[in-house]
Amino acid sequence: MRIDVITIFPDYLNPLREALLGKAIERERISVGVHDLRDWTHDVHRAVDDSPYGGGPGMVMKPDVWGEALDEVCAAQEVTPRLVVPAPAGRPFDQKTAVRWSQDPWLVFACGRYEGIDQRVIDDAATRMPVEEVSIGDYVLVGGEVAALTMIEAVVRLLPGVLGNPLSAEQDSFSDGLLEGPCYTRPEVWRERPVPDVLRSGNHAAIARWRRDQALERTYHRRPELLSALSEGDLDKADRKQ
Ligand SMILES: COC(=O)c1ccnc(N)c1
């Protein structure tokens, strides 16, 4: 997978070079390009924003600068990129989106700041490639870079050979529509709190049932709406997976 990020703060994307993601780059599971939007400015001030038409607070990112940047970064290759625009007004990003995008050969993230990017940039790009405006939650950030990092990590961890144990991705929260239950490791008793007996019983069927029940209970208390979204068939699938 090829990933490109366009931003006015390239250093914000340095975490991509660390740990799991850094290893994915070293192992050539992904190639990452980070591009400074100001490279496509032509004025002495390297301006990337301007006042909003219609008035209102803040500034809007300029279409001409973004247009040139996307033309160059997304220049036609044998494959077409998916353009992702992190935005508070975007569709919610979730595990299903991460799984879907993990099948893509090329993702380009356009990180906006200020009040956002001139809408015509998105409308123009959509004539040449799939474009998705996506939110990582119901809150506003200063820029799209942190959201891009979040989404890139959620996607890249699903790629073959990135996680040490591929089962991790299959069994983590949301993979079967439920939240993951509690986990434990040594010591057996810590500050007078023992590990649940069932986990030390060696009875794999009982352990699987206990884990599923814990996942159902946690989902019921913390995210009941996820349960109502699950069909009977999904719940049976969750049952079989445990
Ligand atoms: C500037 O971008 C944001 O504020 C943003 C992006 C993605 N998700 C959000 N919840 C906010």
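Details of the structure are given in the entry above.
None of these values were measured; they are calculated from a predicted model. (Residues numbered from 1 in each chain as written. Predicted model: local features only at pLDDT ≥ 70, side-chain atom pairs only at ≥ 80, totals over all residues. Heavy atoms only, no water.)

Trainee: Break down the overall build of the protein chain for me, citing the residues and quoting the values.
Mentor: The number of helices and strands found in the protein chain is nine helices and nine strands. Summarising its shape, the C-alpha atoms of the protein chain cover approximately 70 × 40 × 40 Å along the three principal directions. A separation threshold of at least 6 residues defines the contact pool for the protein chain, and within that pool the share at least 24 residues apart is 75%. Side chains of the protein chain carry 29 positive and 40 negative charges; the gap between the two charge centres is 7 Å. (Helix = DSSP H or I, 4+ residues; strand = E, 2+ residues; numbered from the N terminus. Contact = heavy atoms within 4.5 Å. Lys, Arg positive; Asp, Glu negative; His and termini not counted. Charge placed at Lys NZ, Arg CZ, Asp CG, Glu CD.)

Trainee: Hey, could you go over the site of the ligand for me, with residue numbers and the actual values?
Mentor: S135, I136, G137, Y139 and L141 are the nearest of the 14 residues found near the ligand. Take I136: an N or O atom from its main chain is 3.0 Å from a nitrogen atom of the ligand. Within the backbone of L141, a nitrogen or oxygen atom sits 2.7 Å from an oxygen atom of the ligand. Across the complex, the protein chains shield 96% of the 300 Å² of accessible surface that the ligand would expose by itself. Of all the elements in the fold, those that place two or more residues in the shell around the ligand are β5 (82-92) and β7 (131-135). A per-element tally of the shell around the ligand places β5 first, with three residues. The class makeup of the residues in the shell around the ligand is nine nonpolar, five polar and no charged. (Near = heavy atom within 4 Å. Polar contact = N/O pair within 3.5 Å; in protein donor to acceptor, adjacent residues only side chain to side chain. Areas by Shrake-Rupley, 256 points an atom, 1.4 Å probe, with all protein chains shown as cover. Nonpolar A, V, L, I, M, F, W, Y, C, P; charged D, E, K, R; others polar.)

Trainee: I'd love a proper account of helix α2 (residues 63-73), names of residues and values included.
Mentor: Looking at α2, one finds that the buried residues are V65, W66, G67, A69, L70 and V73. Residues of α2 that are buried make contact with β1 (2-7), β2 (31-36), β4 (60-61), β5, β6 (106-110) and α4 (119-125). (Buried < 20%, exposed > 50% of the residue type's maximum accessible area, 1.4 Å probe, protein only.)

Trainee: Before we move on, can you summarise the sheet that holds β7 with the specific residues and values?
Mentor: Here we have five strands laid out as an open sheet, ordered β2-β1-β6-β5-β7, and parallel in their pairing. Two strands lie at the open edges of the sheet, namely β2 and β7, each paired on one side alone. Sheet twist, expressed as the mean angle between neighbouring strand axes with direction ignored, is 30 degrees. The sheet contact formed by β1 and β6 spans five bridges and is parallel. When the bridges of β6 are listed, R2 appears paired with W106. (Pairing = 2+ DSSP bridges. Axes fitted to C-alpha atoms, helices over the stretch in contact; angles between N-to-C directions.)

Trainee: Explain unusual backbone geometry to me, and be specific about the residues and the numbers.
Mentor: A cis geometry characterises the amide bond from R186 onward to P187, with omega recorded as 5 degrees. Within the secondary structure, P187 is located in the loop between α6 (166-171) and β8 (189-190). One non-glycine residue with positive phi stands out, namely R191, at about 50 degrees. Looking at the secondary structure, you find R191 in the loop between β8 and β9 (193-194). Its identity is not glycine, yet E192 carries a phi of approximately 65 degrees, on the positive side. Checked against the element boundaries, E192 lands in the loop between β8 and β9. The class for E192 is exposed, based on a relative accessible area of 78%.

Trainee: Before we move on, could you go through the nonpolar core and cite the residues and values that matter?
Mentor: I3, W101, F109, M151 and V156 are the most contacted members of the largest nonpolar core, which totals 27 residues. With eight residues, helix α5 (residues 145-156) is the single largest residue contributor to this core. Among residues more than four places away in sequence, those in contact with I3 are S31, V32, G33, L107, F109, I152 and V156. (Core = buried A, V, L, I, M, F, W, Y, C linked by side-chain atoms within 4.5 Å.)

Trainee: Mind laying out the side chain of D118, listing which residues take part and the relevant values?
Mentor: In this fold, D118 is placed in the loop between β6 and α4. Under the relative-accessibility criterion, D118 is labelled buried at 14%. A polar contact is formed between the side chain of D118 and the side chain of R120, at a distance of 2.7 Å. With sequence-adjacent residues up to four places away left out, D118 is seen in contact with V60, M61 and P63.

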